[in-house]
Structures are given as structure tokens and as C-alpha cells.
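# Fold and contact review
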Amino acid sequence: MSGETGEEMRWLSVQHDTVYAYDAPVELAHHVAYLSPRATDTQLVRDWSLSIDPAPDEWEELASDTGPAPATQMSFDCWGNGRLAFSHSRVHERLCVSSRFEVGLTPTAAPDPENSPAWEDVAETLRYHAGVAHAEAVEFTLPSHFAPRSPQLAAFGRLAFTPGRSVMGGALALMQLVNERMAYQPQSTSVNTRASEALALSRGVCQDFAHVMIGACRSLGLAARYVSGYLLTNPPEGQPRLIGADASHAWMAIWCPEQGWVALDPTNDVPAGMDHVTLAWGRDYGDVAPLRGVIRGGGRALPRVAVTVQPLDNALPPEEAGCGEAAPPARPVPVDAP
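Residue numbers run consecutively from 1 along every chain, following the written order of its sequence. It should be noted that, the model being predicted, local features are given only for residues of pLDDT at least 70 and side-chain atom pairs only at 80 or more, the latter also being counted only at that level, while totals for whole chains, interfaces and linings use all residues. Hydrogens and water molecules were not included; the side-chain quantities draw on all heavy atoms of the structure.

## Things to note about the overall build of the protein chain
- Runs of H or I in DSSP of at least four residues are treated as helices and runs of E of at least two as strands, each being numbered from the N terminus. Each helix and strand in the protein chain was counted, giving seven helices and 14 strands.
- A 1.4 Å probe rolled over the protein chains alone gives each residue an accessible area, and that area as a share of the maximum for its type sets the label: buried under 20%, exposed over 50%, partly exposed in between. Looking at the protein chain as a whole, 49% of its 338 residues are labelled buried.
- In the protein chain, 79% of the contacts between residues at least 6 apart in sequence involve partners at least 24 apart.
- Where accessible areas are quoted, they stem from the Shrake-Rupley method and a 1.4 Å probe; at the residue level, only the protein chains shown are allowed to cover. Put simply, the protein chain shows about 15,900 Å² of open surface, and 51% of that area lies on carbon and sulfur atoms. Contact between two residues is taken to exist if any of their heavy atoms lie within 4.5 Å; hydrogens are not considered.

Next up, the structure:
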């Protein structure tokens, strides 16, 4: 299968393992996972499976001959992201969640600053008016917890969105500005850091880069959304690729009336392309955290996360992948992409 430009589809293998080794036994737990990859116009998903050890209560309640885990545990949020809810009422000291799938990517058109109206005109069309029907993009102009509107973010955004500049020209300039202003520094922020805080610190991780750019766009009345996913990274020439060394990634997408949603990666200062695998999107990280939950007991435990994204021809055989020393994998959950 080929993309619209005539280039061949690129197939990647993705594996995302999350392991919690708790300090104390967990007595009760409820979790929600946003680990089902999206199917889009440029992304084809196949063979997604999710393994959970220990097996959730909902799976254990099924008879052994009923097949895979119940589809009733899978639902879709208001943006079409797949989410899986599961619980554990048995005492456990370790949780392993492993997501695997294959994805075929086709090329996307490069962002075109010329085929784009002035950003002020776009912002005006996106203004909310009570009682008037609005496009989905309007809700992504509204502030959210991690990407609010603020005078500081608006002032930062105006450095790129100068008067009369096209919305796409401003977005590309802002992407470069975020990349130049902020230093990528792991563990300098937390999952609870908001855009205004990250901007003041001038450092963070991909989540912070995305939140800063989203917050700056929204503070000017533009529509921007948060995208979670994965990135195929390339090692320096002559060095082997480090299997399992990747982490989940995040970027943003801005709305342009002529070009639709255009995905931009401020962490790397590039438009999202055939190295970017989309998992989910929402207002900010809080909407699409890959795995979150509420537990009783457990003490303190930071997750150990390993992500491997590689060309399908080079994918590890199943016996070499997984959650390390975990018990045999639980029953996989095949789910059709939305």
C-alpha cells in the first residue's frame, strides 16, 4: 500500500511496557489505560494487544472458554480515544502492563504557511458564542489544567504570531521558539507541571514542550490539542539502536481551516511525520495519560517504563520482549481501532 505521494507505507513495531514494583502490598486498585493506538488517515493499526499481570478481576470472572477479555471494559471518550478500565481486588505487589501493535504510516503533506489565513482571522472564527453551533476545534481554544490561558503565555506566543502573520507561519515560528527557549532536561519537571511553570523554568520534557506551545496558542484564541504517542529515534551514526530505551512521546496539533489539524513536535522542532506514532489526543496530558489509577496500599512506587519503536523487519521476536522477569503474560485483549 502506498501513500498519496507515491511513497511506500512504513511499518513499525511498537511495544510499551510499564512495571510497578510496589513498596508494600496493594489491597485494591482501579486503573484506566489509554494505550489503544488510533487509526487515522495516515496511520493504519493492526494486531494491537494488551497484556496485564496479574489478570484484572473482570478477566478472572470469565470462564476459560469465553475467549479474550470482555469488550465491555473498552470504551471511547468524547474524542474517540480508546480507553480500558480494569480493577484488582486481590493483594498484589507488582503490576505489569504491556501494549504491543504494528502500525503503518503514510506521508503527510508538509505544513504550508502560504495556504493559511492570518492568525487573527482564525482566532476570530473560533471565538465561542453561546447558543451557536461550533466545530470541534472551538473546544480546543478553551483553557485546560495543564495548558491554561495566561498573559505570560500570550506574550510568549506573540513573539511568533506577529500581526498579520499566517496561522501556519506563526505556528512553525512558535515551534522553533519553544525549541530554542526550553532545554530538554529529564526529571526537571513532573507530570503535574503546568505550561506556565515549564515556561518560567525554561526546561522540561516533551510533555512540557507540548503544553507550553498549546498554552501559548490558546492564550491567543487559537485551537491546539495535545497528542500522545511514540517516536522512532535514530542513534548517532555507527552506534546500535538501544532497544527499550525510548519513552512515550508527546507533541501538539494546531487547527488551520485550509489544512485541518497540523501536528507539530516542538521538542524536536519538526512537523510530526513518519517517525511519529499517534496514540491518543485531548486537551492536555490529563486527558490521555497512558496509565493511571487509584490504589489502596502500595507505598511509594515509580513506574519503570520501556518503549521500543522499530521498523517491522527488525522487530524483536515475542520471547525477547515483555516486562522483564514478569510472570507469563496475561490473556491479551484484541480491540478494533476506532
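## A look at the side chain of T18
- Tracing the backbone shows T18 in strand 1 (residues 10-36).
- Among the polar contacts made by the side chain of T18, one reaches the side chain of H16 at a distance of 3.5 Å. Pairs of N or O atoms within 3.5 Å make up the polar contacts considered here, provided that, within protein, one atom can donate a hydrogen while the other can accept it, and that residues adjacent in sequence are counted only when both atoms are side-chain atoms.

## Thoughts on the nonpolar core
- The biggest cluster of nonpolar side chains holds 56 residues, and the ones touching the most others in it are F161, L174, L222 and I254.
- Residues V103, Y230, L291 and V307 belong to the second largest nonpolar core, which totals 28 residues. Here, nonpolar core means buried Ala, Val, Leu, Ile, Met, Phe, Trp, Tyr and Cys residues that are tied together by side-chain atoms lying within 4.5 Å of each other.

## Details of the packing of helix 4 (residues 167-181) against helix 6 (residues 206-219)
- Angles shown run from 0 to 180 degrees and are taken between the N-to-C directions of axes, each axis being a line fitted to C-alpha atoms and, for helices, limited to the stretch in contact. At their nearest, the axes of helix 4 and helix 6 sit 10 Å apart, and the two run at 140° to each other. Between helix 4 and helix 6, the crossing angle belongs to the class labelled oblique. The way helix 4 lies across helix 6 gives a crossing that is right-handed. Here helix 4 contributes A171, L174, M175, V178 and N179 to the contact with helix 6, which in turn contributes F209, V212, M213, A216 and C217.
- When residues are sorted by character, Ala, Val, Leu, Ile, Met, Phe, Trp, Tyr, Cys and Pro go into the nonpolar class, Asp, Glu, Lys and Arg into the charged class, and all the rest, Gly among them, into the polar class. A per-class count over the contact of helix 4 with helix 6 returns nine nonpolar, one polar and no charged. Geometric relationships in this document are graded by angle, where less than 35 degrees denotes roughly parallel, more than 145 denotes roughly antiparallel, 65 to 115 denotes roughly perpendicular, and other angles denote oblique. We call a crossing left-handed when the near helix sits turned anticlockwise from the far one by less than a right angle, and right-handed when that turn is clockwise.

## Quick look at the packing of aromatic side chains
- Paired rings are identified among Phe, Tyr and Trp, the last through its six-membered ring, by centres lying within 6.5 Å, and are further divided according to the angle between planes into stacked (under 30 degrees), edge-to-face (over 60) and tilted (the rest). Counting across every chain of the model gives nine aromatic pairs.
- Measuring from ring centre to ring centre gives 6.5 Å for Y226 and Y285, while their planes differ by 80°; the resulting arrangement is edge-to-face. Of this pair, Y226 sits in strand 8 (residues 224-231) while Y285 sits in helix 7 (residues 285-288); the two residues are 59 residues apart in sequence, bridging distant segments of the chain.
- Since its relative accessible area comes to 3%, Y226 is described here as buried.
- With relative accessibility at 16%, the residue Y285 sits in the buried group.
- These aromatic residues form a ring-pair network of at least three members: W79, F140, W255 and W261.
- Our definition puts a charge over a ring when NZ of Lys or CZ of Arg is within 6 Å of the ring centre and also within 35 degrees of the ring normal. Its end group placed over the ring of W281, R38 keeps NZ or CZ at 3.7 Å from the ring centre.
- The lysine or arginine in question, R225, covers the ring of W261, its NZ or CZ lying 4.2 Å from the ring centre.

## Topic: the sheet that holds strand 11 (residues 270-271)
- In space, the five strands of this open sheet follow the order 11-10-9-8-12, with antiparallel pairing throughout. Because the sheet does not close on itself, it has two edges, and the strands there are strand 11 and strand 12 (276-282).
- By the convention used here, strands pair only if DSSP detects at least 2 bridges between them. Looking at chain direction, strand 10 (residues 260-265) and strand 11 are connected through two bridges and run antiparallel. Looking at strand 11, one finds that D265 is bridged to V270.
- Most of the contacts of helix 6 go to strand 9 (residues 249-256), to which it runs at about 20°, and overall it touches strand 8, strand 9 and strand 10.

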